[in-house]
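Reading the structure
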Amino acid sequence: MRISLLPWIFLIAVCVIVPSFAQTGDPPQPSSEDLNNTGKEVEVSAVADKEITSRIQGILETTSRYEALSVRVENGVVFLEGQTTTDEFRIWARDLALRIEDTVAVVNNISVVSDMDSIWNFEPAMDQVRDLWRMAIRQLPLILFGILILFITVIVASLSNRIASAALENRVESKMMRTVMTKIIVVIIWILGIYVILRVIGMTRLAMTALGGTGVLGLIIGFGFRDIAENFLSSLLISIQKPFSIGDTIEVAGYTGIVQKVTTRGTVLMAFDGNYIQLSNSTIYKSTIRNFTANPKTRVDFSVGIGYDADITEVQDLLLGVVQRHPAVFDDPEPKVFVENLGASTIGLHVYFWIDIIKFSQLKVRSSVIRQSVDELLKAGIPMPDDSREVIFPDGVPVKMIDKEAAPKDPPQAAPIKQEDSTPPKPEASTAETEEDLKSETSELQEQA
C-alpha cells in the first residue's frame, strides 16, 4: 500500500492549493442557473444603478449572513459576490435582488462555505479521507499486479545469480571477481523490475526519477552508500592487482592474520590469537600490505651477549654451527653471526638465519635455536655475564669491631628445623617439549576457522 501514497499526497495538494487560487483569481463566470433566474418583465426606470447597489448592499449586510459581501450593478444587472453558510441564504440573496425595482437580472457569485465560524470542522478532512479510500480501491488491482511483478523479479534475480555463477566458474579465475560480476547482473535486474512496477501502478514520473537517480532518493542513496561504493571499487582493484590470496598471512593496518575471505565490502582475517578481524577494502587498499606468504623465506634473528674475556671468533663459529645444524634453517641464504655492539660488561652478537614460514613456525624455531645456542655456550665455558652494576656510598661504609670477650659464651639456640615434605617435587617441563613440533600454526588456525 506504500506505493499508492504518492497519488494520494498529490491529490491532497491539488485539493488544498486549487481553492486558494480560485479565491484570488478572476471572478467566476455566471452559471446558466443564475442567468436564467431573471425577474419578471419590468420597465427600466430612471433609477440609478447606484441606488440599487446601495439598497441591496444595506439589506444583505443587515442580515449578518454574508461575509466579504460585494454588490455591483451595471445597467440593471446585479452582480453579487461573497460567502455564506448555506445554500438557502445564497438563494435568498438572489431572490431579494430580483424583487428590487428596475433589476433586470442577477448574477449570483456568492459561494457557500459550511460553518465559517466553526474551527473544529472535520468535514473537509473526512472528504479527503473518503477520496483517498476511493483512490486506494481503484489502485488495488494495480498494486496486486505490482506485487506479482515483484515476485517475478525475485525469481528472475535468483535464477540469474545461479546461471551467472555457473557460467563464470571456468572463465574467471578470481572468486571475488566472479562475485562482483554476478552482483552487478542481479542489481541490474532489480532496477528494471522496480522500474516496471512503478510504471504499472501509474508512477511514471517517479520511475523515471528513480531510474535517473536525480531525485531525493538518489541523493540519499548517494550520501548513504558513499563508503559502500568506495569499498566496492577497492575490491575490484584488489581483485585485479592481487596483492594477496585466500590463505595468505598478511600484515595490514597494524593487524596480522590469515586471509579467510574477501567480499565486495571487506576482507576477513584470522588473527594468530584465534579472533576474526574484518577490515574494509578501502582501508586495505590505502594501507601498506605486508604479505608473509608471497615469499616463504623469512629471516629470523636474535641477540646474545658474551664476556670480554671470551674469544669472539670461537663464539661466532660455535653459534654458526648451532644454526647450521638446525633442521628448520636454510643453507641458502646462509646464516650469519655478526658483532653488534660493545656493552658495559658484554660484547653483543647478532645471529641471522632464514626459515620457511609456510612449513615452520617462526616463534618455535627462534626459541629452539636460542635454547640450543645457550646450551652450547655454557658447555664450552663461554662466560655470559650480566651488565655490571656499581654502588657508590658517598659517606663511606661504617664498620663496627666486636670484642671477642664481650661476645656471648653460649651461642643462641637455633630454631627447630621444620620437617620437609617427603613427596618429591614435580619435575619442570622441558622447554624443548614445546619445540618438538616446529610446523607452522597456520594449519591449526585454518582448522579453527
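Residues numbered from 1 in each chain as written. Predicted model: local features only at pLDDT ≥ 70, side-chain atom pairs only at ≥ 80, totals over all residues. Heavy atoms only, no water.

1. Points about the overall build of the protein chain
Using the following cut-off: Under the DSSP-based scheme used, a helix requires at least four consecutive residues in state H or I and a strand at least two consecutive residues in state E, with every element numbered from the N terminus. The cut-offs for exposure are 20% and 50% of the maximum accessible area for each residue type, with area from a 1.4 Å probe on protein chains only; residues under the lower value are buried, those over the upper are exposed, and the others partly exposed. Residue contacts are counted whenever heavy atoms from the two residues lie within 4.5 Å of one another. With residues, only the protein chains shown are counted as cover, and all accessible areas are computed by Shrake-Rupley using a 1.4 Å probe.
Each helix and strand in the protein chain was counted, giving 13 helices and 11 strands. The 449 residues of the protein chain split such that 29% are buried. Taking as baseline every contact in the protein chain between residues at least 6 positions apart, the subset at least 24 positions apart corresponds to 66%. Accessible surface computed for the protein chain: about 30800 Å², of which carbon and sulfur atoms make up 58%.

2. Observations concerning the pattern of salt bridges
How we decide: In the sections that follow, a salt bridge refers to a side-chain nitrogen of Lys or Arg positioned within 4 Å of a carboxyl oxygen of Asp or Glu.
All told, the structure shown has 6 salt bridges when counted by the stated rule. The salt bridge involving Asp 131 is made with Arg 134; its shortest N-O contact spans 2.0 Å. Of the two residues, Asp 131 and Arg 134 are both situated in helix H5 (residues 123–168); the distance of 3 residues between them amounts to about one turn of the helix.

3. Considering the environment of Ile 347
Tracing the backbone shows Ile 347 in strand E11 (residues 347–356). We classify Ile 347 as buried; its relative accessible area is 4%. Distance from Ile 347 to Tyr 308, taken between C-alpha atoms, is 6.4 Å for residues 39 residues apart in sequence. Not counting residues within four places of it along the chain, the set of residues in contact with Ile 347 comprises Val 304, Gly 305, Ile 306, Gly 307, Tyr 308, Ile 312, Val 339, Asn 341 and Leu 342.

4. Points about helix H11 (residues 312–325)
Operational definition: Helix span, expected: 1.5 Å multiplied by one less than the number of residues in the helix. Side-chain atoms alone can form a polar contact between residues adjacent in sequence; in general such a contact is a pair of N or O atoms within 3.5 Å, and within protein one must be able to donate a hydrogen while the other accepts it.
Over its 14 residues, H11 extends 20 Å from the first C-alpha to the last, a length consistent with the 20 Å expected when each residue adds 1.5 Å. Of the residues making up H11, those classed as buried are Val 315, Leu 319, Gly 321, Val 322 and Val 323. Looking at the buried residues of H11, the elements they touch are strand E9 (297–306), strand E10 (336–342), E11 and helix H12 (362–379). If you check the start of H11, you find a side-chain oxygen 3.2 Å away from the backbone N of Thr 313, and it comes from Asp 311.

5. Examining the nonpolar core
To keep things clear, this is the line we draw: Nine residue types can take part in a nonpolar core, namely buried Ala, Val, Leu, Ile, Met, Phe, Trp, Tyr and Cys, and a core is a set of them joined through side-chain atoms within 4.5 Å.
Core analysis: the biggest nonpolar cluster contains 21 residues, and Val 315, Leu 319 and Phe 353 have the highest contact counts within it. Elements with a minimum of two residues in this core: E9, H11, E11 and H12. When near neighbours in sequence (up to four residues on either side) are disregarded, Val 315 contacts Ile 306, Ala 310, Leu 349, Leu 377 and Ile 382. Of all hydrophobic cores here, the second largest spans 15 residues; its members include Leu 60, Leu 69, Val 71 and Val 106.

6. Observations concerning unusual backbone geometry
The peptide bond linking Asp 332 to Pro 333 adopts the cis configuration, its omega dihedral lying at 0°. Assignment of secondary structure puts Pro 333 in the loop between H11 and E10. Phi at Ala 68 takes a positive value of approximately 50°, unusual for a residue other than glycine. Structurally, Ala 68 can be placed in strand E1 (residues 66–74). We note that Asn 75 has phi near 55°; this positive angle belongs to a residue other than glycine. Structurally, Asn 75 can be placed in the loop between E1 and strand E2 (77–84).

Geometry only, nothing functional implied.
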